[in-house]
Structure formats: structure tokens, C-alpha cells
Amino acid sequence: MLSCASLGKYLRDFEHISLFLVHKDRLSSIEQNCFFLEGFHPQFRADLLSRLSLVDLNHYPDDPWATDKVLAQAKYIL
């Protein structure tokens, strides 16, 4: 991610596909959250995970991060 515009494009593209799959019961919301985070560049994802863990100290490690929380911290980083 280099800008908020590229983040917005990624979000639109991701939601276009993933919401269709969720509505067709081919993708769970948990999988959707996991795939959203996995779609970022590895270095940016590492920065995101670091930031998310600092912001929410009570997050259980086995639970995926909610898309809205990931998006908020991605905007913060950019």
C-alpha cells in the first residue's frame, strides 16, 4: 500500500468478491476477515499486525482481526 487511494481500491475489489461469496455461503465472515489481512504486502501486513496488537491488547491471538479494525489501522499507517 502506497496511498489511501490504493487502499480504497483494494477494499472495493475485496468487498465486491468476498461479499458475493459470503451471501452465497461459500465464505464465512471469519474467513473473510483472514483473507482481507492476507491480501496486504507482507511488510505492510507486519506493520499492520504490530499496530493492531498495540491498539488492542486484549485481542485473542487465534481470532482474526475484524476488517474494520484492520482498515482503520491501515489508514493510520498511511
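Being a predicted model, the structure only gives us computed values, none of them experimental.

Trainee: I'd like to hear about the pattern of salt bridges, residue by residue, with values.
Mentor: Enumeration according to the criterion identifies 2 salt bridges in this entry. Here Lys9 ties to Asp13 by a salt bridge, and the two come within 2.7 Å at their closest N and O atoms. Residue Lys9 and its partner Asp13 are both found in helix α1 (residues 4-23); the two are separated by 4 residues, about one turn of the helix. Of the residues examined, Lys9 reaches a relative accessible area of 46% and is grouped as partly exposed.

Trainee: Mind laying out the nonpolar core, listing which residues take part and the relevant values?
Mentor: Core analysis: the biggest nonpolar cluster contains 14 residues, and Phe36, Leu37, Phe40, Leu48 and Val70 have the highest contact counts within it. By residue number, the principal contributor to this core is α1, which donates 4 residues. If sequence neighbours within four positions are ignored, Leu48 has contacts with Leu37, Phe40, Val70, Gln73, Ala74 and Ile77.

Trainee: An account of unusual backbone geometry is requested, with residue identities and associated values reported.
Mentor: A positive phi angle, close to 60 degrees, is found at Asp25, a residue other than glycine. Relative to the helices and strands, Asp25 resides in the loop between α1 and α2 (29-38).

Trainee: An account of the environment of Ser3 is needed here, citing residue identities and associated values.
Mentor: By the element assignment, Ser3 lies in the segment before α1. In sequence terms Ser3 and Ala74 are 71 residues apart; their C-alpha atoms lie 9.8 Å from each other.

Trainee: Which residues make up the packing of aromatic side chains, and what are the values?
Mentor: If you walk through the whole model with that rule in mind, you get 6 aromatic pairs. Cluster of aromatic residues (ring-pair linked, three or more members): Tyr10, Phe14, Phe36, Phe40 and Phe44. Seen from the ring of Tyr76, Arg51 lies directly overhead, with NZ or CZ sitting 3.8 Å from the centre.

Thresholds applied
- Residues numbered from 1 in each chain as written.
- Predicted model: local features only at pLDDT ≥ 70, side-chain atom pairs only at ≥ 80, totals over all residues.
- Heavy atoms only, no water.
- Salt bridge = Lys/Arg side-chain N within 4 Å of Asp/Glu carboxyl O.
- Helix = DSSP H or I, 4+ residues; strand = E, 2+ residues; numbered from the N terminus.
- Buried < 20%, exposed > 50% of the residue type's maximum accessible area, 1.4 Å probe, protein only.
- Core = buried A, V, L, I, M, F, W, Y, C linked by side-chain atoms within 4.5 Å.
- Contact = heavy atoms within 4.5 Å.
- Phe/Tyr/Trp six-rings, centres within 6.5 Å; stacked < 30°, edge-to-face > 60°.
- Lys NZ or Arg CZ within 6 Å of the ring centre and 35° of its normal.

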